[in-house]
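As a plain string of letters, each chain reads:
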Amino acid sequence: MRQRSNVKRAAFSKLAPIIFVGPAILFVVVFLYAPIIFSVALSFSSWNFISPEINFVGFENYRRVFHDPNFQDAAYNTLLYCVVLIPVQIIVPLLLASLILRVKNRNLAGFYKATLFLPTILAYSTAGIAWLWLFDPINGFLNSVLTAFGLPQSRWQTDPNLAIWCVAFVTFWKNFGLNMLLLLAALVSIPKEIHEAAALDNAGPWRRLLTIDLPLISPTFFFVAVTTTINVMDDIVGVIDVLTSGGPYGQSSNILYYMYERGLSFFQFGQASAASVIIIILVLFVTWAQFRMFENRVHYES
Amino acid sequence: MKVRTALGASAATHIVLSLVAILSVFPLFWMVTTAFTPNDLALTKAFRFWPEDPTFENFRIAFTDFHAANWIWNSILIAVLVSVGKLAIAVPAGFAFSHMQFRGRDALFWVIVATMTFPTIIGIVPLYIGISLIGWYDTQTAVIVPSIAYIGFYVFFMRQIFRSLPNAMFEAARLDNAGPFKQLFEIAIPNVLPAIASLSIISFLGAWNIYLWALLVLDTPEKRTLAIGLKSFVVIDDFEPMWGPMMAVALLSILPVMILFIFAQRYVMAAFTGGIGK
């Protein structure tokens, strides 16, 4: 009797990993991997959801996407968002974190930390809405300030030249607090003795940040770099949608938003899928490049 | 001399930090004052740092002309179910990946964790088609079920956390004839409750804010959530948007998150920093 229950139990123990890991695998495969595989298939076909026939069209969708001026703009904007926002969203929070470290009064330091972190807990759409109201060209706060100082009013996110910077700024505003917090947590964890030794060597605070702190917090720095990249490519879409809908004239769109518009506003599934395949390849490349770049430089304590 | 430079540096530090603090808070402050200002007054008078004639009129409009009550309920429902779903899946998986031996363990782990780098809306087109084909369009299920799949970070996080528990703990349990479920529920989980609480917070905040996907699959106004209900006020193209009611709804949408932040500030911040600096 006892032996039988043991046999049963052993069989059950063998099944346990499947029960524990199975749902996770099932969900990522069905909802994350399968759609990507379908995207690849759809990107080589012409199908518009309504017609029953699906034709193989080779690289036609890719050709159309690459020749689409909207895609070219979106690709350029994506690059611009990355080149501007990734460094700014890492460097400014790093400087702010090192400033907070210098505040000796603990309550005050806590206050700064919490306040600067506040925008992070908002949704991208809510952050967009809050700024939409400040930017409002007719009754918004910012234009009232400009008027009060006798300056000409601005059209903010409805100005084709400014739209992209408005989106970039709001994305930064919503995000810098998280990076600040992560970098601060890493900086705090550096042992005091190291700083004391550096002080004996007469290293100033900024030099210390560059030559001592930065190498020591490199794992966090790497994590921040990867998440910021994802965030600048991906989460920004919420801000774009609320603030400008990619406009005016596609001036603030990015490639994910382009894909979203093609697919679900214009129902050009083939082209949208081609765009998504391009994005996947890009993301894989960027992630690989980041891993390569940091592989040699990241210093893990062992 | 030394003292003066030290003082100077610190004054500059405070000025910079105060300015950034104002920048962080001001849009929210502005949201609150607008929410309590009568809509026509909000449009005519830009400088009012405190609502004169404070009113609940905007909230009344949000609840009667729009569907704020439904949106609140839907947001709560979706956030809770997505969080519960994610944790129910990620916690056992994290445990299996840290304290169990089975074939293909590392490969399966990377299959899950690699999804962390996927842009969230990358599969949106096939997913939309699939959801429409199985008749989930315009249902909350369509928002909840696919959103649970973004568990890459959660599984990674839980594995790290469970790894901090010594293996000997579970070996002893095995000698005591404790099966995998007993090990998970009676030993592993009770020992990492703070970490699970942190993960729940992240999960809730994330699900509370689901935007683009919800916007796509929820069509009926009553079925929307707060995050996308906000958009109902923007699309009134020819007129100025209804800023007052819009800010009222925006305020409602950040209220639970704010309350969570104020009362569990350390917890929330710890949740975001994960294991860094411990």
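Residues numbered from 1 in each chain as written. Chains lettered and ligands numbered in written order. Predicted model: local features only at pLDDT ≥ 70, side-chain atom pairs only at ≥ 80, totals over all residues. Heavy atoms only, no water.

(A) How the structure looks around the overall build of chain A. Helices and strands together make up the secondary structure of chain A, namely 13 helices and two strands. C-alpha extents for chain A along the principal axes are approximately 85 × 75 × 35 Å. Counting across all 302 residues of chain A, residues that qualify as buried make up 53%. When contacts within chain A are restricted to residue pairs at least 6 apart in sequence, long-range pairs at least 24 apart make up 68% of them. Considering chain A, the positive charge centre built from 19 side chains and the negative charge centre built from 16 side chains are found 15 Å apart. (Helix = DSSP H or I, 4+ residues; strand = E, 2+ residues; numbered from the N terminus. Buried < 20%, exposed > 50% of the residue type's maximum accessible area, 1.4 Å probe, protein only. Contact = heavy atoms within 4.5 Å. Lys, Arg positive; Asp, Glu negative; His and termini not counted. Charge placed at Lys NZ, Arg CZ, Asp CG, Glu CD.)

(B) Examining the interface of chain B and chain A more closely. Chain B puts 88 residues into the contact, and the matching count from chain A is 89 residues. When the two sides are added together, the surface that chain B and chain A hide from each other amounts to roughly 7,900 Å², 82% of it contributed by carbon and sulfur. Between chain B and chain A we count one salt bridge in total. A:D241 is paired through a salt bridge with B:K231; the nearest N and O atoms lie 2.9 Å apart. Counting every contact that joins chain B to chain A gives nine residue pairs in polar contact (both at pLDDT 80 or more). (Buried area = accessible area lost by both parts, 1.4 Å probe. Salt bridge = Lys/Arg side-chain N within 4 Å of Asp/Glu carboxyl O. Polar contact = N/O pair within 3.5 Å; in protein donor to acceptor, adjacent residues only side chain to side chain.)

(C) Molecular detail of the confidence of the model for chain B. All names here are of chain B. Chain-level statistics for chain B give a pLDDT mean of 85 and a share of 89% at 70 or above. Predicted confidence in chain B is weakest over helix α2 (residues 39-44), with a mean pLDDT of 70, and strongest over helix α7 (residues 140-148), with 95. For residues 1-8, every residue scores under 50 in pLDDT, and the model assigns this stretch zero contacts once sequence neighbours within four places are set aside. (pLDDT = per-residue confidence, 0-100.)

(D) Main features of the UniProt feature "transmembrane region" (unreviewed entry) in chain B. Residue and element names in this part refer to chain B. As annotated in UniProt, the feature "transmembrane region" (unreviewed entry) corresponds to residues 12-32, 71-95, 107-137, 143-162, 192-216 and 242-263 in the numbering used here. Helix and strand shares over residues 12-32 are 100% and 0% respectively, and the end C-alpha atoms of the span are 30 Å apart. Structurally, residues 242-263 comprises 95% helix and 0% strand, and the distance from its first C-alpha atom to its last is 32 Å. (UniProt positions renumbered as here; feature names shortened; annotations may be inferred.)

(E) Broad picture of unusual backbone geometry. Unusually for a residue other than glycine, A:F267 sits at a positive phi of about 55°. Of note, A:F267 is situated in the loop between α12 (255-264) and α13 (269-295). For A:F267, a relative accessible area of 32% gives the class partly exposed. A positive phi angle, close to 65°, is found at B:D138, a residue other than glycine. Along the chain, the position of B:D138 falls in the loop between α6 (124-133) and α7.

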